[in-house]
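A look at the structure
Okay, here's what each chain looks like letter by letter:
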Amino acid sequence: MQVDPRARILIVGQAPGRRVHETGIPFNDPSGDRLREWLGVTRATFYDASQIALVPMGFCFPGTGRAGDLPPRPECAPAWREELLGHLGAVQLTVVLGAYAVAYHLPGAKRSVTDVVRDWESRWPALVPLPHPSPRNRRWVTNNPWFEAELLPRLRGRVRDVLGPTQPTAERRRATS
């Protein structure tokens, strides 16, 4: 978790995976690499708590099941989430990752993650639902070409707008290298 009341972007994840649990650094894994690419931000910007808050649905590694990590423990979010989010008054963009975060932040969305993500413009520009950036979801990205063609460029632009023109983004860093 990474929280600062000055953060302008809130990223809502599931729960720490095994590597994140071991290192104590959120998104310190291939999912994080992919998420930073989707957002168009550098690692330094991503881990700047005054810019980006990282708040999972659960604080502890829930264990591993047959198809990957288990879901966040159900008692976690109701115990602390609303109070914590109340301290994030500068947030202009919330990025919601995966089914558990979507279910909590979009309780009326009784549709699949694909349908919720496809309907991203209905919540724009304040909230953007995304599939979980896990490498396991490569097939999802391949099967939904509109995601990379339409949503991600708009998301990167929104991130640039929220963070401001002086914030180093991955695109700007590549252009000056």
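Keep in mind that this is a model prediction, so the values were computed, not measured.

**Considerations on the sheet that holds strand β2 (residues 52-56)**
The strand order across the open sheet formed by four strands is β2-β1-β5-β6, and the pairing between neighbours is parallel. The strands lining the two open edges of the sheet, one partner per strand, are β2 and β6 (127-130). Pairwise comparison of adjacent strand axes, ignoring direction, gives a mean angle of 15° for this sheet. In the sheet, strand β5 (residues 93-97) pairs with β6 via four bridges, with the strands oriented parallel. Within the sheet, the bridge partner assigned to Leu97 lies in β6 and is Leu130. Its contacts with the sheet put helix α4 (residues 76-85) on β1 (9-13) and β2, and the angle it makes with β2 is roughly 165°. Contacts between helix α5 (residues 98-105) and the sheet are confined to β1, β5 and β6, with β5 contributing the most and set at about 130° to the helix.

**Comments concerning the confidence of the model for the protein chain**
With 90% of its residues at a pLDDT of 70 or more, the protein chain shows a mean pLDDT of 87. Put simply, helix α9 (residues 170-176) is where the protein chain has its lowest mean pLDDT, 53, and helix α8 (residues 145-163) is where it has its highest, 98.

**A short note on the pattern of salt bridges**
The tally for this structure, following the rule as stated, stands at six salt bridges. In this structure, Asp115 and Arg118 form a salt bridge, with 3.7 Å as the shortest nitrogen-oxygen distance. Of this pair, Asp115 and Arg118 both sit in helix α6 (residues 113-118), three residues apart, which is roughly one turn of that helix. We classify Asp115 as partly exposed; its relative accessible area is 33%. In this structure Arg118 comes out as partly exposed when scored by relative accessible area, which is 44%. Across the pair Asp119 and Arg123 runs a salt bridge, and its minimum N-O distance is 3.6 Å. For Asp119, a relative accessible area of 28% puts it in the partly exposed group. Through salt bridges that share partners, Arg111, Asp119 and Arg123 make up one connected network.

Here is what the cut-offs are and how they apply
Residues numbered from 1 in each chain as written. Predicted model: local features only at pLDDT ≥ 70, side-chain atom pairs only at ≥ 80, totals over all residues. Heavy atoms only, no water. Pairing = 2+ DSSP bridges. Helix = DSSP H or I, 4+ residues; strand = E, 2+ residues; numbered from the N terminus. Axes fitted to C-alpha atoms, helices over the stretch in contact; angles between N-to-C directions. Contact = heavy atoms within 4.5 Å. pLDDT = per-residue confidence, 0-100. Salt bridge = Lys/Arg side-chain N within 4 Å of Asp/Glu carboxyl O. Buried < 20%, exposed > 50% of the residue type's maximum accessible area, 1.4 Å probe, protein only.

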